[in-house]
Amino acid sequence: MLIDTDPGVDDAMAILMAHERAHVVGLSVAAGNVGLNHTLANALKLVEVIGAETPVYAGCATPLVHAAEDAADVHGSDGFGDTGYAASARAAESEHAALAILRASHAHAGRLVLVALAPLTNLALALKLDPDLPLRVARLVVMGGAASGRGNYGTVPAEFNVGFDPEAAHVVFSQWPQFTLVDWEATMRHGLDFDRFEAMLAKGDARAKFYASITEKTRAWSKERGRPKLLIADALAMAVALEPDIVTHSEEHHVAVELDGRLTRGATVVDWQDRLGQPANARIVLEVDHARFEALLASAVGST
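To keep things clear, this report deals only with the structure shown in the data block.

Reading the values: rules and limits
Residues numbered from 1 in each chain as written. Predicted model: local features only at pLDDT ≥ 70, side-chain atom pairs only at ≥ 80, totals over all residues. Heavy atoms only, no water. Core = buried A, V, L, I, M, F, W, Y, C linked by side-chain atoms within 4.5 Å. Buried < 20%, exposed > 50% of the residue type's maximum accessible area, 1.4 Å probe, protein only. Helix = DSSP H or I, 4+ residues; strand = E, 2+ residues; numbered from the N terminus. Salt bridge = Lys/Arg side-chain N within 4 Å of Asp/Glu carboxyl O. Phe/Tyr/Trp six-rings, centres within 6.5 Å; stacked < 30°, edge-to-face > 60°. Pairing = 2+ DSSP bridges. Axes fitted to C-alpha atoms, helices over the stretch in contact; angles between N-to-C directions. Contact = heavy atoms within 4.5 Å. Arc of directions from axis to C-beta.

### Some details on the nonpolar core
Item 1. Ranked by internal contacts, the top residues of the largest apolar core, which has 63 residues, are Met-13, Met-17, Tyr-211 and Met-238.
Item 2. No other element matches the nine residues that helix H12 (residues 233–242) contributes to this core.
Item 3. The next biggest cluster of nonpolar side chains, apart from the first, holds 34 residues, and it includes Ala-116, Ala-147, Ala-169 and Phe-173.

### Focus: the pattern of salt bridges
Item 1. If you walk through the whole model with that rule in mind, you get 16 salt bridges.
Item 2. For Lys-223, the salt bridge identified is with Glu-198, shortest N-O distance 2.9 Å. On the criterion of sequence distance, the pair formed by Lys-223 in helix H11 (residues 206–224) and Glu-198 in helix H10 (residues 194–203) is long-range, its members being 25 residues apart.
Item 3. You can call Lys-223 partly exposed: its relative accessible area is 42%.
Item 4. With a shortest N-O distance of 2.7 Å, Arg-207 and Asp-205 are connected by a salt bridge.
Item 5. Where salt bridges share partners, they join Arg-21, Glu-243, Asp-245 and Arg-292 into one cluster.

### Examining the packing of aromatic side chains
Item 1. Scanning the entire structure with this criterion turns up seven aromatic pairs.
Item 2. Residues Phe-160 and Phe-164 carry aromatic rings whose centres are separated by 5.6 Å and whose planes lie at 35° to one another, so their mutual orientation is tilted. Within this pair, Phe-160 and its partner Phe-164 are both found in helix H7 (residues 160–164), separated by four residues, close to a single helical turn.
Item 3. Phe-164 gets classed as buried once you look at its relative accessible area, which sits at 6%.
Item 4. Plain terms: the ring middles of Phe-197 and Tyr-211 are 6.3 Å apart, the flat faces sit at 80° to each other, and that makes the pair edge-to-face.

### A look at unusual backbone geometry
Item 1. Following Pro-7, the chain continues into Gly-8 via a peptide bond in cis, with omega recorded as -10°.
Item 2. Tracing the chain through its elements places Gly-8 in the loop between strand S1 (2–5) and helix H1 (9–21).
Item 3. For Asp-82, which is not glycine, the phi dihedral falls at a positive 55°.
Item 4. For Asp-82, the position within the fold is in the loop between helix H3 (72–75) and helix H4 (97–107).
Item 5. Take Asp-82: its relative accessible area is 37%, and that puts it in the partly exposed class.
Item 6. Here Asp-274, not a glycine, exhibits a phi torsion of approximately 55°, which is positive.
Item 7. Mapped onto the secondary structure, Asp-274 falls in the loop between strand S9 (268–270) and strand S10 (282–288).
Item 8. Among the residues examined, Asp-274 registers a relative accessible area of 46% and is labelled partly exposed.

### Re the pairing of strand S5 (residues 137–143)
Item 1. Across the seven residues that make up S5, a large majority, five, are buried.
Item 2. Bridge count between strand S4 (residues 112–116) and S5: five bridges; the pairing is parallel. The residue bridging Leu-114 from the neighbouring strand is Leu-140, located in S5.

### Some details on the sheet that holds S4
Item 1. The sheet built from eight strands is open, its strands ordered S3-S2-S1-S4-S5-S6-S10-S7 with mixed pairing. Sheet topology places strand S3 (56–58) and strand S7 (247–253) at the edges, where each strand pairs with a single neighbour. Direction aside, the axes of adjacent strands within the sheet are offset by 20° on average.
Item 2. Of the pairings in the sheet, the one linking S7 to S10 comprises six bridges and is antiparallel in character. The partner of Ser-250 across the bridge, within S10, is Val-285.
Item 3. Against the sheet, H12 touches S1, S4, S5, strand S6 (179–182), S7 and S10, its axis set at about 155° to S5.

### Topic: the pairing of S6
Item 1. Side-chain alternation along S6 places Phe-179 and Leu-181 on one buried face and Thr-180 and Val-182 on a second face that is also buried.
Item 2. For S5 and S6, the ladder comprises three bridges, and the chain directions are parallel. By the bridge assignment, Val-141 is partnered in S6 with Thr-180.
Item 3. Direction of pairing for S6 relative to S10: parallel, over a ladder of three bridges. Its bridge partner lying in S10, Phe-179 is registered against Ala-282.

### Examining H10
Item 1. Along H10, the residues that are buried comprise Phe-194, Phe-197, Met-200 and Leu-201. One side of H10 carries all its buried residues, which in axial view fall inside an arc of 130°. Exposed residues pointing more than 90 degrees away from the buried face of H10 are listed as Asp-195, Arg-196, Ala-202 and Lys-203.
Item 2. At its buried positions, H10 is contacted by H1, H11 and helix H13 (290–300).

Shown next, in the form of structure tokens:
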């Protein structure tokens, strides 16, 4: 597995989950939730907390075309809740993230699972460098989009990862023949009870303590805004990547990205009735086995 990421507290849980269950060959890092200097530092810190030797690759510091607002108000200005953690002594690799994605696709051709948790800037750049990339990847799982237009960023229908860099999402969605899409609306359907989740963290090991500290601000932000559940989008996508049969309901349709609409830029447009005659490029996850999802979370923080 190679994880394209912009940590971010929900990315952090997904990365913990992956290292518990998969062989992670690298973290390719982009700007998104916060700036690249922070997302890169956060990725390096996570690898240290996990006790892994996973290489970390710095990627794109900006979207492909237009500047975009980050999500520091949710994740903290450093992406990890402004906890002031001691920085990792580890260093990023010298190779650019897009090149690392391409190299991994050759080294693990036909076996690599690529999990995209960030804006799709790094992956779009890799595709532009080598359009044959999809032929070497066993599965691509994307956390992004809002299949029915209930977004959380920018224009009303846009989800953060797609809305942050719609041009990159357009490149990937239009050039990747078939991928799995775990969208924001699936995340809302699979929120976590705050008390249950906090009890899970209290029972866990050092990973749980670290995760509890970096999510304190995000959990408070969610409660202050009256959210009934804690939403961890990237963790849900990772659950689908790790255990594909956790999906209990999905549909396959063509998905495109709106680039020009004044009110809809960044929207993921799903041809739900297959009216346009375009081949289905996305398996859209609608429901998962929620108990199994929570079990994966618990295992990732040593709370089983």
